[in-house]
Amino acid sequence: MLATDLREALERRGDTVIARSRAELDVTSVRLVRHCVAEAKPDVIVNCAAWTRVDDAEKNEAAAAAINSGAVELLAGAADETGAKLVQISTDFVFDGTKRTPYEPDDPTNPLSAYGRTKLLGEIAAAHATHHLILRTSWLFGVHGNNFVEAMKRQLARGVDPLRIVADQRGRPTFTPHLADAIRRLVDAGAEGIVHYADSGDATWFAFASAIVAGLNSLTGVTPITTADYPTPATRPAYSVLSTARYTQLTGAEPESWREGLLDYLRTSDTPHSLPRP
Ligand SMILES: NC(=O)c1ccc[n+]([C@@H]2O[C@H](COP(=O)([O-])OP(=O)(O)OC[C@H]3O[C@@H](n4cnc5c(N)ncnc54)[C@H](OP(=O)(O)O)[C@@H]3O)[C@@H](O)[C@H]2O)c1
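Description of the structure in this document. (Residues numbered from 1 in each chain as written. Predicted model: local features only at pLDDT ≥ 70, side-chain atom pairs only at ≥ 80, totals over all residues. Heavy atoms only, no water.)

For the rest of this paragraph, the subject is the side chain of threonine 91. Counting through the fold element by element, threonine 91 comes out in strand 2 (residues 85-91). When its relative accessible area of 5% is taken as the criterion, threonine 91 is described as buried. Reaching out from threonine 91, the side chain makes a polar contact with the backbone nitrogen of phenylalanine 93 at a distance of 2.9 Å. (Helix = DSSP H or I, 4+ residues; strand = E, 2+ residues; numbered from the N terminus. Buried < 20%, exposed > 50% of the residue type's maximum accessible area, 1.4 Å probe, protein only. Polar contact = N/O pair within 3.5 Å; in protein donor to acceptor, adjacent residues only side chain to side chain.)

Here we take up the site of the ligand. Every one of the 21 residues lining the ligand counts as a neighbour, but Leu2, Arg22, Thr52, Tyr115 and Lys119 are closest to it. Valine 27 places a main-chain nitrogen or oxygen 3.0 Å from a nitrogen atom of the ligand. Alanine 50 places a main-chain nitrogen or oxygen 3.2 Å from an oxygen atom of the ligand. In isolation the ligand has 900 Å² of accessible area, and contact with the protein removes 75% of it. (Near = heavy atom within 4 Å. Areas by Shrake-Rupley, 256 points an atom, 1.4 Å probe, with all protein chains shown as cover.)

A few words now on the nonpolar core. Phe141, Phe148, Val149, Phe208, Ile212 and Leu262 are the most contacted members of the largest nonpolar core, which has 21 residues in total. When contributions to this core are tallied by element, the ones reaching two or more residues are helix 5 (148-157), strand 5 (163-166), helix 7 (205-215) and helix 9 (258-268). Ranked by the residues each element gives to this core, the list is headed by helix 7, at 6 residues. Discounting chain neighbours no more than four positions away, the residues touching phenylalanine 141 are Met1, Asn147, Val149, Pro173, Thr174, Phe175, Thr176, Phe208, Trp258, Gly261, Leu262 and Tyr265. (Core = buried A, V, L, I, M, F, W, Y, C linked by side-chain atoms within 4.5 Å. Contact = heavy atoms within 4.5 Å.)

If you walk across this open sheet you meet the 4 strands as 1-2-3-8, and the pairing is parallel. With partners counted over all chains shown, the strands left at the sheet margins are strand 1 (44-47) and strand 8 (193-196), one partner each. Sheet twist, expressed as the mean angle between neighbouring strand axes with direction ignored, is 20°. Direction of pairing for strand 1 relative to strand 2: parallel, over a ladder of 4 bridges. Its bridge partner lying in strand 2, asparagine 47 is registered against glutamine 88. Relative to strand 2, helix 3 (residues 61-82) is tilted by about 160°, and along the sheet it contacts strand 1 and strand 2. Contacts from helix 6 (residues 176-188) reach strand 1, strand 2, strand 3 (132-137) and strand 8, with the element oriented near 150° to strand 3. (Pairing = 2+ DSSP bridges. Axes fitted to C-alpha atoms, helices over the stretch in contact; angles between N-to-C directions.)

In short, geometric facts, not functional conclusions.
What follows is the structure in structure tokens.
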């Protein structure tokens, strides 16, 4: 999802981009990672590959860790061999959600899930690269991947009414083209260390779903429920609003709005935008 939008954003700017699919480059293979990086001699490596199936990671933590941290260690080593900067994409799920004010990059981490633990190990691995940027983000949606907007559209297409959506988890939805631009700005600014980027405006999943339903001109109802009403294998942080103050300080740019991103998403995605009430 992110990688496709990032490639498009960089190519639009005239950057030379070498993008590798999983079939072309398994990032858990030391031989392939070394060979690919030695051949491409990149200035910057942006690792968009990850085990992102949060709930499945609970029963497959070792397999998730191989991708989310073992591979990052390989990329860090390869980056140092060619003098490249490693940009590692990380997540709000490294936090436990007990704060009630936005999380700063240096706040203590305490992941609640296997996914969060493996991504935190990935941050530690990325920091082994001499030049590294660890970019935490949250609640991604983009037209090239499975995401919450698509999940809502599937429910609407099935005629579910009302949608019952969790209203006691709060975060910052982020449109992947906005994140792609933020990555470029941070690289241009020479940013290193840990930085947060998320779109402006925090929301609950309930508020996000309500905006999706309104954006689709659907009359379907949306009912708030609690996390306890919707148990999942992985525990999510109740509050994972990321502070983007450091991003703005480094780049001089304010984050884009997720609501604007959602409208762009709905304009460009290929499903009907107006769903009749079932
Ligand atoms: N989605 C979110 O809400 C969210 C929130 C915060 C942070 N993030 C982070 O943002 C980054 C991008 O996420 P995304 O949503 O764009 O993820 P995504 O759409 O699931 O893309 C991840 C990609 O990694 C590939 N991959 C998995 N294992 C690989 C391997 N061994 N070698 C090479 N490629 C491999 C996957 O290929 P297959 O499809 O073939 O498995 C997939 O194309 C990730 O680091 C994620 O942890 C995501």
